[in-house]
Structure formats: structure tokens, C-alpha cells
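Tertiary structure, described
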Amino acid sequence: MRRSDQPQPALGKAIRKLREERGMTQEALAHAAGVTVGHLSTIERGHSNPTWATVKAISQTLETSIGDLANLADRIEG
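The paragraphs below set out a description of the structure included in this document. (Residues numbered from 1 in each chain as written. Predicted model: local features only at pLDDT ≥ 70, side-chain atom pairs only at ≥ 80, totals over all residues. Heavy atoms only, no water.)

On to helix H1 (residues 9–21), then. The terminal C-alpha atoms of H1 lie 18 Å apart, and with 13 residues this matches the ideal 18 Å at 1.5 Å per residue to within 8%. Structurally, H1 contributes buried residues whose contacts are with helix H2 (26–33), helix H3 (37–44), helix H4 (52–61) and helix H5 (66–77). Note on H1: the residue one or two positions beyond its end, Gly 23, has a positive phi of about 70°. (Helix = DSSP H or I, 4+ residues; strand = E, 2+ residues; numbered from the N terminus. Expected span 1.5 Å × (residues − 1). Contact = heavy atoms within 4.5 Å.)

Any two side chains of opposite charge can pair, given that their charged atoms come close. Enumeration according to the criterion identifies 4 salt bridges in this entry. Of the charged contacts in the structure, one is a salt bridge between Glu 21 and Lys 17, with a shortest N-O distance of 2.5 Å. Residue Glu 21 and its partner Lys 17 are located together in helix H1, separated by 4 residues, close to a single helical turn. One network of salt bridges, with partners in common, ties together Arg 16, Arg 19 and Glu 44. (Salt bridge = Lys/Arg side-chain N within 4 Å of Asp/Glu carboxyl O.)

Time to look at the nonpolar core. Buried together is how nonpolar side chains tend to be arranged in soluble globular proteins. Among the nonpolar cores identified, the biggest contains 19 residues, and Leu 11, Ile 15, Leu 29, Leu 40, Ile 58, Leu 62 and Leu 69 are the most heavily contacted of them. Looking at this core, the elements that each hand over two or more residues are H1, H2, H3, H4 and H5. Examining the composition of this core, we find that 5 residues originate from one element, H1, more than from any other. (Core = buried A, V, L, I, M, F, W, Y, C linked by side-chain atoms within 4.5 Å. Buried < 20%, exposed > 50% of the residue type's maximum accessible area, 1.4 Å probe, protein only.)

What follows is about the packing of H1 against H3. One can describe the packing of H1 onto H3 by two numbers: an axis separation of 7 Å at closest approach and a directional angle of 115°. By the angle between their directions, the pair H1 and H3 is classed as roughly perpendicular. The residues of H3 that touch H1, namely those facing Gly 12, Lys 13, Ile 15, Arg 16 and Arg 19, are Leu 40, Ile 43 and Glu 44. Grouping the constituent residues of the contact of H1 with H3 by class yields 3 nonpolar, 1 polar and 4 charged. (Axes fitted to C-alpha atoms, helices over the stretch in contact; angles between N-to-C directions. Parallel < 35°, antiparallel > 145°, perpendicular 65-115°, else oblique. Nonpolar A, V, L, I, M, F, W, Y, C, P; charged D, E, K, R; others polar.)

Below is the structure:
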């Protein structure tokens, strides 16, 4: 089992997949979700974990639920 303080690459991959499916740039998603482009980039690359508030903002911006985002990340992690 992975420690909760370790970066979660599958979550970042799921965010990137949904962002790209919606035709959004990192800049557009970051601005709408209230985070910096740099922070979003580190999340998408799996180098940092977002806070729950950030996950909520990103999922709302991507028009998906946190649960659906988590399920996608779980499928990606495989």
C-alpha cells in the first residue's frame, strides 16, 4: 500500500486525461481552478499531491465528481 504522503502519479494522469479530453490547456484549468500553472504541472506529472480543496476545484472545473476522478485514477493505476 502506498503511503498517503507520497505523490500519486495516477491522479495526475487522470487530471491530464480529462483536461485534454475537454480541450483545455494547463493555463485554462489552472486559472479556473485557482492554482498556478506550475502547481498543476507538478500534480499532472505526479510530483506532488493536491489538497482536497484543489482536487475539488479541479474536478468542478473539469465538470466531473471527485469520485469519478478517483475511479479514473484507480483504473490508470491498474
